[in-house]
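Structure assessment
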Amino acid sequence: MKWDALEKPWQACFELGWESMKKGSLPIGAVITNENGVIVAKGRNRIFETNGDAGEIYHHKISHAELNAIIKVSEFDHPNIRKYTIYSTTEPCPMCFGAIVMANIRTIK
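Residue numbers here run from 1 along each chain, matching the order of that chain's written sequence. Only residues with pLDDT of at least 70 are given local features in this predicted model, and only at 80 or more are side-chain atom pairs given and counted; all residues enter the totals for whole chains, interfaces and linings. With hydrogens and water excluded, all non-hydrogen atoms of the structure serve as input to the side-chain values.

**Here we look at the nonpolar core**
- Ranked by internal contacts, the top residues of the largest apolar core, which has 17 residues, are Ile32, Ile70, Val73, Ile86 and Ile105.
- Only DSSP runs of H or I reaching four residues or more are called helices, and only runs of E reaching two or more are called strands; each is numbered from the N terminus. The set of elements that each furnish at least two residues to this core consists of β1 (29-33), α2 (65-70) and α3 (94-102).
- Looking at this core, the element that brings in the most residues is α2, giving 4 residues.
- By definition in these notes, contact holds between two residues if any of their heavy atoms fall within 4.5 Å. When residues no more than four places from it in sequence are discounted, the contact partners of Ile32 are Val38, Ile39, Val40, Ala41, Ala69, Ile70, Val73, Tyr84, Thr85, Ile86 and Ile105.
- To qualify as a nonpolar core, a set must consist of buried Ala, Val, Leu, Ile, Met, Phe, Trp, Tyr and Cys residues joined through side-chain atoms within 4.5 Å. For every residue, the accessible area obtained with a 1.4 Å probe (protein chains only) is divided by the maximum for its type, and the residue is called buried under 20%, exposed over 50%, and partly exposed between those limits. By size, the runner-up hydrophobic cluster in this structure holds 7 residues, among which are Leu6, Cys13, Leu16 and Tyr87.

**Here we look at the sheet that holds β1**
- Should DSSP find at least two bridges between two strands, the strands are regarded as paired. Spatial strand order, β2-β1-β3-β4: 4 strands in an open sheet with mixed pairing. What marks the edges here is a single partner per strand, and that holds for β2 (39-44) and β4 (107-108).
- Here strand β3 (residues 85-88) pairs with β4 via 2 bridges, running parallel. Among the inter-strand pairings, Thr85 is bridged to a residue of β4, identified as Thr107.
- The sheet contacts of helix α1 (residues 8-22) involve β1, β2 and β3, and relative to β1 the element is tilted by about 150 degrees. To get an axis, a line is fitted to the C-alpha atoms, and for a helix only the part in contact is used. The angle between two axes follows their N-to-C directions and goes from 0 to 180 degrees.

See the structure below:
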């Protein structure tokens with residue numbers, strides 16, 4: 001498949017995964033889109049990184065891409081979150097799956 005044929009959320013996920021790999025973490029990226037398919041949050045794995053962006057988890061075993069995307073989207077600011085979709089370059093682990101459910105995101109790709 002050609003890069004241009006990928007949906008924008010998938011392109012963003014792979015770009016985030018590549019950035020994580022270049023920084024020495026696991027090559028995993030995740031994005032959340034709203035009900036219109038617009039990317040509203042991005043996260044990447046930062047387990048082995050000693051610094052990170054404000055509002056992200058880094059240098060910890062729970063520094064997963066999905067969690068770093070989820071913590072940027074609050075149900076209070078996004079009342080339609082149940083219609084949102086999370087994309088991830090890997091199948092979410094049990095911890096991330098639980099966080100996705102607790103965040104009220106109902107679609108995983």
